[in-house]
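Given next are the chains, with one letter for each unit.
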Amino acid sequence: MLSKKMEEALNEQINREMYSAYLYMSMSSYCTTVGLKGFANWFMVQYHEEMLHAMKLYEYVLAQGGHPILKAIKQPPSDFESMANAFNKTLEHEQFITKSINEWMDLAIAEKDHATQIFLQWYVTEQVEEEGNDNDIIAQLKLIGKDTQGLILLDRELAGRITTVPTEFSKGIAAAMKGTAG
Ligand code: OFO
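The sections below set out a description of the structure shown in this document. Quick caveat, the model's predicted, so the values are computed rather than measured. (Residues numbered from 1 in each chain as written. Predicted model: local features only at pLDDT ≥ 70, side-chain atom pairs only at ≥ 80, totals over all residues. Heavy atoms only, no water.)

Another point: the packing of helix 1 (residues 4-33) against helix 4 (residues 114-144). Axis separation between helix 1 and helix 4 bottoms out at 13 Å; the angle between their running directions is 20 degrees. By the criterion of interaxial angle, the relationship of helix 1 to helix 4 is roughly parallel. When the axes of helix 1 and helix 4 are compared, the crossing they make is left-handed. For the pair formed by helix 1 and helix 4, the contact residues are Met 6, Leu 10 and Glu 17 on the first element and Thr 116, Leu 120 and Tyr 123 on the second. Looking at the contact of helix 1 with helix 4, its residues break down into four nonpolar, one polar and one charged. (Axes fitted to C-alpha atoms, helices over the stretch in contact; angles between N-to-C directions. Helix = DSSP H or I, 4+ residues; strand = E, 2+ residues; numbered from the N terminus. Parallel < 35°, antiparallel > 145°, perpendicular 65-115°, else oblique. Left-handed = near helix turned anticlockwise from the far one by under 90°. Contact = heavy atoms within 4.5 Å. Nonpolar A, V, L, I, M, F, W, Y, C, P; charged D, E, K, R; others polar.)

Following this line, the structure appears as structure tokens:
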């Protein structure tokens, strides 16, 4: 079972993950409008990952006898000026999510809630990967600078990213926990 405080924290995290999905969908939309469909693909794959992050929380709260309360998702920005700007904003957002997960982990530790600590461990590891992916692309964008040719080559590379996220969330937490790499 979850304490009221823990349940509220996890519900807040559902909202933050849904916002992440919304943000990356908006970035994907922006990339398509400026002719960078590979970048658009990368962000759309990220959108699916974020939906999985939200659904895992949703299933976990239910499995623990809690009630996932869905709050309003705020509107994400729609104009990102450049790919460098979009990825800097992505990293900034992921750092906020890492801080948020760490805060809930601290709460689970303080409450001696072992199950939630184990559950959140997956997110702690995932955040290292998420920030790492963003740092890699930011470094490449720095090398590319204003070289359009380089940007197009990176766009082609990012077009190859595929989603590994299972879409059958309704099968419960066991299904949602599987196939979470990427
Ligand atoms: Fe991007 O990791 Fe969830 O939010």
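Here we take up the nonpolar core. The tendency in soluble globular proteins is for nonpolar side chains to be buried as a group. By size, the foremost hydrophobic cluster in this structure holds 22 residues, and its most contacted members are Phe 39, Phe 43 and Phe 87. Elements supplying a minimum of two residues to this core: helix 1, helix 2 (37-63), helix 3 (83-110), helix 4 and helix 5 (148-158). Here this core takes six residues from helix 1, the largest share from any one element. The contacts of Phe 43, once residues within four sequence positions are left out, are Tyr 24, Met 27, Ser 28, Cys 31, Ala 86, Phe 87 and Thr 90. (Core = buried A, V, L, I, M, F, W, Y, C linked by side-chain atoms within 4.5 Å. Buried < 20%, exposed > 50% of the residue type's maximum accessible area, 1.4 Å probe, protein only.)

Under the definition given, this model contains nine aromatic pairs. Ring centres 5.6 Å apart and planes at 75 degrees place the aromatic pair Tyr 30 and Phe 80 in the edge-to-face group. Separated by 50 residues along the polypeptide, Tyr 30 in helix 1 and Phe 80 in the loop between helix 2 and helix 3 bring together distant segments of the chain. Given a relative accessible area of 10%, Tyr 30 falls into the buried group. Looking at Phe 80, the relative accessible area reads 0%, which means it is buried. Chaining the aromatic ring pairs together yields one cluster made of Tyr 24, Phe 39, Trp 42, Phe 43 and Phe 87. Directly above the aromatic system of Trp 122 lies the positively charged group of Lys 56, at a separation of 3.6 Å from the ring centroid. In this arrangement the basic side chain of Lys 74 is found over the ring face of Tyr 19, its NZ or CZ atom lying 4.4 Å from the centre. (Phe/Tyr/Trp six-rings, centres within 6.5 Å; stacked < 30°, edge-to-face > 60°. Lys NZ or Arg CZ within 6 Å of the ring centre and 35° of its normal.)

With that settled, the discussion passes to the side chain of Glu 7. By the secondary structure assignment, Glu 7 is in helix 1. Residue classification places Glu 7 among the buried positions, given a relative accessible area of 10%. Ignoring sequence-local partners within four residues, the contact set of Glu 7 consists of Leu 2, Val 61, Gly 66 and His 67.

A surface patch of nonpolar side chains, amounting to about 310 Å² of accessible area, comprises Tyr 22, Met 25, Met 44 and Ile 73. Relative to the helices and strands, Tyr 22 resides in helix 1. Here Tyr 22 falls in the partly exposed class, since its relative accessible area comes to 38%. (Patch = residues over 30% accessible without salt bridge, like charges linked within 9 Å, V, L, I, M, F, W, Y side chains within 5 Å. Areas by Shrake-Rupley, 256 points an atom, 1.4 Å probe, with all protein chains shown as cover. Salt bridge = Lys/Arg side-chain N within 4 Å of Asp/Glu carboxyl O.)

Attention now goes to the pattern of salt bridges. Summed over all chains, the structure comprises four salt bridges. Between Glu 7 and Lys 4 there is a salt bridge, with the nearest N and O atoms lying 3.5 Å from each other. With Glu 7 and Lys 4 both in helix 1, this residue pair falls three residues apart, about one helical turn. According to the relative accessible area criterion, Lys 4 is exposed, its value standing at 56%. Of the charged contacts in the structure, one is a salt bridge between Glu 12 and Lys 71, with a shortest N-O distance of 2.6 Å. Highlighted residues: Glu 12 in helix 1 and Lys 71 in the loop between helix 2 and helix 3, separated in sequence by 59 residues. For Lys 71, a relative accessible area of 40% translates into the label partly exposed. One network of salt bridges, with partners in common, ties together Glu 12, Arg 16 and Lys 71.

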